[in-house]
Amino acid sequence: WRPNATVVPSTLDAAPPGIPGDRGLAVYRTRFQQAGRARLQFMACSFYCRVFVDGAELGEHRAGGYVPWWVDVPAPSAR
């Protein structure tokens, strides 16, 4: 099984007006380097999102609509 690929920023359930988009689980995976603390900022989250960095859950977000939010990522030596 090979997942579909997308470019971030992106949306899982984009569809023409009046046509429901896909629903379900989506996983966005990326790599980044950091020297110190960092902040991952999400411009929208439709309902529920969990953020993992190096296998550790750093935060989650629940909202009833597209709401921007962020999670702070500690320096690599603190993880």
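Residue indices begin from 1 for each chain and proceed along its sequence in written order. This being a predicted model, a pLDDT of at least 70 is required before a residue's local features are given, and a value of 80 or more before pairs of side-chain atoms are given or counted; all residues contribute to the totals for chains, interfaces and linings. Side-chain measures were taken over the full set of non-hydrogen atoms in the model, leaving aside hydrogen atoms and water.

S.K.: Tell me about the overall build of the chain, and name the residues and values.
M.R.: Only DSSP runs of H or I with at least four residues qualify as helices, and only runs of E with at least two residues qualify as strands; both kinds are numbered from the N terminus onward. If you tally the helices and strands in the chain, you get zero helices and four strands. Ordering the α and β elements of the chain from the N terminus gives β-β-β-β. Here the chain holds 79 residues, and the buried ones make up 18% of them. Any two residues whose heavy atoms approach within 4.5 Å are treated as being in contact. Here the analysis covers contacts within the chain between residues at least 6 apart in sequence; of these, 38% occur between residues at least 24 apart. Only the protein chains shown count as cover for residues, and the accessible areas themselves come from Shrake-Rupley with a 1.4 Å probe. As displayed, the chain offers around 7,000 Å² of accessible surface, 55% of which is attributable to carbon and sulfur atoms. Here the term buried applies to any residue with accessible area under 20% of the maximum for its type, exposed to any over 50%, and partly exposed to those in between, with areas from a 1.4 Å probe on protein chains only.

S.K.: Which residues make up the pairing of strand S2 (residues 48–53), and what are the values?
M.R.: Alternating positions in S2 separate cleanly, Cys49, Val51 and Val53 being buried on one face and Tyr48, Arg50 and Phe52 remaining unburied on the opposite face. The pairing of S2 with strand S3 (residues 56–62) spans six bridges and is classified as antiparallel. When the bridges of S3 are listed, Val53 appears paired with Ala56. Between S2 and S3, which pair antiparallel one after the other, the connecting turn spans two residues, and Asp54 there sits at a positive phi close to 55 degrees. Pairing between strands is defined by DSSP: at least two bridges between the two strands are required.

S.K.: Account for the nonpolar core, with residues named and values stated.
M.R.: For our purposes a nonpolar core is just a set of buried Ala, Val, Leu, Ile, Met, Phe, Trp, Tyr and Cys residues, chained together by side-chain atoms within 4.5 Å. Formed by Cys45, Cys49, Val51, Trp69 and Val71, the largest nonpolar core amounts to five residues. In this structure Val71 touches Ala38, Arg39, Leu40, Phe42, Val51, Leu58 and Gly59, once residues within four positions along its chain are discounted.

S.K.: Describe the environment of Ala35, and please don't skip the residues or the numbers.
M.R.: One can find Ala35 in the segment before strand S1 (38–42). Since its relative accessible area comes to 83%, Ala35 is described here as exposed. Note: C-alpha distance between Ala35 and Ala75 (40 residues apart in sequence) is 6.7 Å.

S.K.: Give me the confidence of the model for the chain: which residues, what numbers.
M.R.: The predictor attaches a confidence to each residue, called pLDDT, with possible values from 0 through 100. Of the residues in the chain, 65% reach a pLDDT of 70 or more, and the chain-wide mean stands at 78. Looking over the chain, one finds the lowest element-wise mean pLDDT in S2, namely 88, and the highest in strand S4 (residues 69–73), namely 92.

S.K.: I'd like a rundown of the side chain of Gln34, residues and numbers included.
M.R.: By secondary structure assignment, the location of Gln34 is in the segment before S1. For Gln34, a relative accessible area of 17% puts it in the buried group. We call two N or O atoms a polar contact when they sit within 3.5 Å, provided that within protein one can donate a hydrogen and the other can accept it, with sequence-adjacent residues counted only if both atoms are side-chain atoms. In this structure the side chain of Gln34 is engaged in a polar contact, spanning 3.1 Å, whose partner is the backbone oxygen of Pro74.

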